[in-house]
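Next come the chains, spelled out residue by residue.
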Amino acid sequence: MKNYRKPKQETEAQARYRRHRRLVRIGQVLMGLGALVAIAHWIAHLAPTGPGPSPMEDIFIGYPTGALLLLIGAVIAGRTETKNH
């Protein structure tokens, strides 16, 4: 006869910790995507396959999008875990 156990209930502290770690990972992924966008735009400026990006792409797509993703990711990943008093 097998011994079936109920899984332990997750405490509030464990749930907060898991949520915090999830937010940190999401922030890190966004930072990585921002870096990839910036690197891809830089490679496009090197123009290995033809003319570089247009001025409109420079203003709206390239570095500003990469920087914005990096900034948002850093804010999300850098948040401190809330503590109970």
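Everything discussed here concerns the structure shown above.
Residues numbered from 1 in each chain as written. Predicted model: local features only at pLDDT ≥ 70, side-chain atom pairs only at ≥ 80, totals over all residues. Heavy atoms only, no water.

(A) How the structure looks around the overall build of the chain. Helices and strands together make up the secondary structure of the chain, namely three helices and zero strands. Computed over C-alpha atoms, the radius of gyration of the chain comes to 21 Å, more than 25% over the 12 Å expected from 2.2 N^0.38 for 85 residues, which places it beyond the range of a compact globule. Principal axes of the C-alpha set define a box for the chain whose edges measure 70 × 40 × 15 Å. For the chain, buried positions account for 13% of its 85 residues. Of the contacts formed within the chain by residues at least 6 apart in sequence, a portion of 75% connects residues at least 24 apart. Element-wise, carbon and sulfur atoms account for 64% of the exposed surface of the chain, whose accessible area totals about 7,300 Å². Between the mean site of the 12 positive side-chain charges and the mean site of the 5 negative ones, the chain shows a separation of 18 Å. (Helix = DSSP H or I, 4+ residues; strand = E, 2+ residues; numbered from the N terminus. Rg over C-alpha atoms; globule rule 2.2 N^0.38 Å. Buried < 20%, exposed > 50% of the residue type's maximum accessible area, 1.4 Å probe, protein only. Contact = heavy atoms within 4.5 Å. Areas by Shrake-Rupley, 256 points an atom, 1.4 Å probe, with all protein chains shown as cover. Lys, Arg positive; Asp, Glu negative; His and termini not counted. Charge placed at Lys NZ, Arg CZ, Asp CG, Glu CD.)

(B) View of the pattern of salt bridges. What the rule picks out here adds up to one salt bridge. Across the pair Arg16 and Glu12 runs a salt bridge, and its minimum N-O distance is 3.5 Å. Of this pair, Arg16 and Glu12 both sit in helix α1 (residues 12-46), four residues apart, which is roughly one turn of that helix. (Salt bridge = Lys/Arg side-chain N within 4 Å of Asp/Glu carboxyl O.)

(C) Main features of helix α3 (residues 63-77). Along its 15 residues, α3 runs 21 Å from first to last C-alpha, staying within 8% of the 21 Å computed at 1.5 Å per residue. Taken together, the buried positions of α3 are occupied by Gly66, Gly73 and Ala77. For α3, the buried positions fall inside an angular range of 35° around the axis, keeping them on one side. Residues Leu68, Leu71 and Val75 are exposed on α3 and point more than 90 degrees away from its buried face. (Expected span 1.5 Å × (residues − 1). Arc of directions from axis to C-beta.)

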